[in-house]
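# Tertiary structure, described
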Amino acid sequence: MEQPIVHEASGGFPNLVKTRLHKVLSEIGHAFTLFFQTLIQIFRPPFQFDLLVKQLLLIGFNSLAVVIVSGFFTGMVLGVQGYIQLKPYAVEGSVARFVCVSVVKELGPMITAFVLAGRIGASITAELSTMKVTEQIDALKVMGTNPVKYLVVPRFLACSIMLPTLTIYSTFAGIGGGFVAVVTLFDVNGSFFLLEVQKNLFVGSVLISLIKATSFGMAIAAVGCYKGFSISTAGGAEGVGIATTGSAVISLIAILVLDFVLNHILFNILGLV
Amino acid sequence: MISIRNVTKTFGGKNVLNGLSLEIPRGETLVIMGQSGCGKSVLLKIITGLISADSGEIWFDGTEISSLNGKKLNTLRRRIGMLFQSAALFDSMTVAENVAFMLDQHTDLDKQEMHKVVDEKLSLVDLAGVQDLRPAELSGGMRKRVGLARALAFDPEVIFYDEPTTGLDPVTCTEINQLIRDLHERLQVTSVVVTHDMHSAFSVATRMAMIHEGRQIAYGSPDEMINIDDPILQQFILFGAPDQILNMENPILKTYLGR
């Protein structure tokens, strides 16, 4: 009895890898199909601005406080760590530059994206997958409404618009956090800190930050909507839970991968500062 | 009105529909019956274009629907209404917003005109004063009624009912059956009811079709169905049909009752 099991196990592993790979590639293909359908539907009338405004408020306004708090404390940590690391080399005066460059180019968009991936990406998936399981998406189709146009487009646009907007707040909060930490805890002059920030804040850096944030916003919405749509009607409550967790995890990974790719393109290829 | 020709559909190697052909005449209430998992709901989803058949044709008033692109299919869908098994109401909207959804999406009616249509459709299903409630605040029977009012909002030519009485108590089942009959008489719409509830089937049908193993095995009026000598159909009728239609002097029923 054992022989076929061993045989199956040794022959089964490549098959298992093949099946998994096929599943992953198929999911990526479907996700990109949804992404391109969304891009097409954005430009097709009718334009439902009321749905967009609703999502802008839901995604933007309701996330503002958490984004500012996250940005502020990240800035504080950066300020404290930067000062401690730079002091032995007697270059603690560069802490403002360290905080400014890190927050503007990297941590501002990244922290905002992480907060929104957990808060909004997961919520989009939970909402859409529940609609799928309860046949509400089928009902939309039967009533002659395109679910991509009605459900995905407003969420995709709102994420793409609100991510850079929130990133601006989170960046200011981060620099503010660094300022508060360094000025109150260490012997750094506040005016000097602000002057250094002003000297190191370039248009190119802000542009990089906004390009990254917009891309992260698109990724969060695309993953959230795809995971919500990809659940089977028979998935039930368990399926909704799995899809929601999957959405948060994939969004976080997508943000990290995108960040690397964008860093390479923007800094190495395009040579932005 | 609707012609289903040699439709096949396979899920995971299992033939759910196996060359099914069926005619749905205009103005009739056709009940499609069959055991759970025999492909009734799949057939409904294929007719409404929610899933595509592996092969075969679905003709809707002279148009073959599998050949339609998204836009044309959506235009055709405005001619149909569907009551889902779970009612499928949008839980983020009020009852009034649910009923007015198609009008809001596909017409230029102003709010006042939409309110008028909503009130009219809700009164058709004997519901009033629930416009501002959310679906979660409604009972199962009320949800089905709102689902039906929503299906009626665009004055459809065909209404599809997917298991309209499933999960309801006997009194509410009777009310829903009465409602389906009333709507058929008042609006003269073509209705397609998918069910395995034989009480409901005999209560609303003007035509019946029995599906077994993905094929149609019987078709006719309720009276004709009782006289069709098919063991699967007769089992269904004997164990499910209401007493008043079971004439035990019927030789065919007697034969199967004896077994």
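If you're wondering where the values come from, they're calculated on a predicted model, not measured in any experiment.

### Concerning the overall build of chain A
Looking only at helices and strands, chain A has nine helices and zero strands in total. Its helices and strands taken in sequence order, chain A reads α-α-α-α-α-α-α-α-α from the N to the C terminus. Over its C-alpha atoms, taken along the principal directions, chain A stretches across nearly 70 × 60 × 35 Å. Looking at chain A alone, contacts between residues at least 24 apart form 88% of all its contacts between residues at least 6 apart.

### With respect to the pairing of strand S2 (residues 14–24) of chain B
All names here are of chain B. As paired strands, strand S1 (residues 2–11) and S2 are joined by eight bridges and run antiparallel to one another. Note that in S2 the partner of Thr10 across the bridge is Asn15. Linking S1 to S2, which pair antiparallel, is a turn of two residues; within it Gly12 sits at a positive phi near 55 degrees.

### Some words on the nonpolar core
By size, the foremost hydrophobic cluster in this structure holds 134 residues, and its most contacted members are A:Ala113, A:Cys159 and A:Ile220. Per element, the largest residue contribution to this core is 19 residues, and it comes from helix H4 (residues 95–133) of chain A. Both domains that meet at this core, namely domain 1 (1–79 + 159–165 + 187–259) and domain 2 (87–156) of chain B, each give it at least three residues. Setting aside chain neighbours within four positions, we find A:Ala113 in contact with A:Leu163, A:Ala213, A:Phe216, A:Ile220 and A:Ile255.

### Topic: the sheet that holds strand S8 (residues 190–195) of chain B
All names here are of chain B. Pairing is mixed across the open sheet formed by six strands, whose spatial order is S6-S7-S8-S3-S9-S10. Both outer strands of the open sheet, strand S6 (80–83) and strand S10 (215–220), are each paired with one neighbouring strand and no more. The average undirected angle you get between the axes of adjacent strands in this sheet is 15 degrees. Strand direction decides the pairing type here: strand S3 (residues 29–33) and S8, joined by five bridges, are parallel. The residue bridging Val31 from the neighbouring strand is Val193, located in S8. Lying on the sheet, helix H6 (residues 140–152) is in contact with S6 and strand S7 (158–162); it crosses S6 at an angle near 170 degrees.

### Here's the deal with the interface of chain A and chain B
With eleven residues of chain A at the contact, the number on the chain B side is 17 residues. Residues that form the side of chain A that touches chain B fall into these classes: three nonpolar, five polar and three charged.

### Overview of the confidence of the model for chain B
Residue and element names in this part refer to chain B. Summarising the model, chain B shows a mean pLDDT of 88, and 92% of its residues fall at 70 or more. At the level of individual helices and strands, chain B shows its lowest average pLDDT in helix H11 (residues 251–258), which scores 64, and its highest in helix H3 (residues 95–99), which scores 96. Predicted as a complex, the structure gets a pTM of 0.86 and an ipTM equal to 0.87.

### Structural notes on the domain arrangement of chain B
Residues and elements named next belong to chain B. Domain annotation of chain B identifies domain 1 (1–79 + 159–165 + 187–259) and domain 2 (87–156). Taking only C-alpha atoms, the centre of domain 1 and the centre of domain 2 are 27 Å apart. Taken residue by residue, the interface counts five residues in domain 1 and five residues in domain 2. For the side of domain 1 that touches domain 2, the per-class residue count stands at three nonpolar, no polar and two charged.

### Quick notes on the sheet that holds strand S5 (residues 63–64) of chain B
Strand order in the open sheet formed by four strands is S2-S1-S4-S5 (chain B), with antiparallel pairing between adjacent strands. Strands with a single pairing partner mark the edges of an open sheet, and in this sheet they are S2 and S5 of chain B.

### Considerations on helix H6 (residues 147–185) of chain A
Its 39 residues give H6(A) an end-to-end C-alpha distance of 53 Å, which sits within 8% of 57 Å, the value for a rise of 1.5 Å per residue. A:Val153 marks where H6(A) bends most, by close to 30 degrees; the proline A:Pro154 follows one to four residues later.

### Let's talk about the packing of H4(A) against helix H8 (residues 203–230) of chain A
All names here are of chain A. Where H4 meets H8, the axes come as close as 8 Å, and the angle between the chain directions of the two elements is 20 degrees. Between H4 and H8, the interaxial angle falls into the category roughly parallel. H4 and H8 meet at a crossing whose hand is right-handed. Taken together, the residues of the contact of H4 with H8 break down into 17 nonpolar, nine polar and five charged.

Here is what the cut-offs are and how they apply
Residues numbered from 1 in each chain as written. Chains lettered and ligands numbered in written order. Predicted model: local features only at pLDDT ≥ 70, side-chain atom pairs only at ≥ 80, totals over all residues. Helix = DSSP H or I, 4+ residues; strand = E, 2+ residues; numbered from the N terminus. Contact = placed C-beta atoms within 7 Å. Pairing = 2+ DSSP bridges. Core = buried A, V, L, I, M, F, W, Y, C linked by C-beta atoms within 7 Å. Buried ≥ 20, exposed ≤ 12 C-beta atoms within 10 Å, placed from the backbone. Domains from an automatic or database assignment. Axes fitted to C-alpha atoms, helices over the stretch in contact; angles between N-to-C directions. Nonpolar A, V, L, I, M, F, W, Y, C, P; charged D, E, K, R; others polar. pLDDT = per-residue confidence, 0-100. Expected span 1.5 Å × (residues − 1). Bend = angle between axes of the 7 residues up to and from the residue. Parallel < 35°, antiparallel > 145°, perpendicular 65-115°, else oblique. Left-handed = near helix turned anticlockwise from the far one by under 90°.

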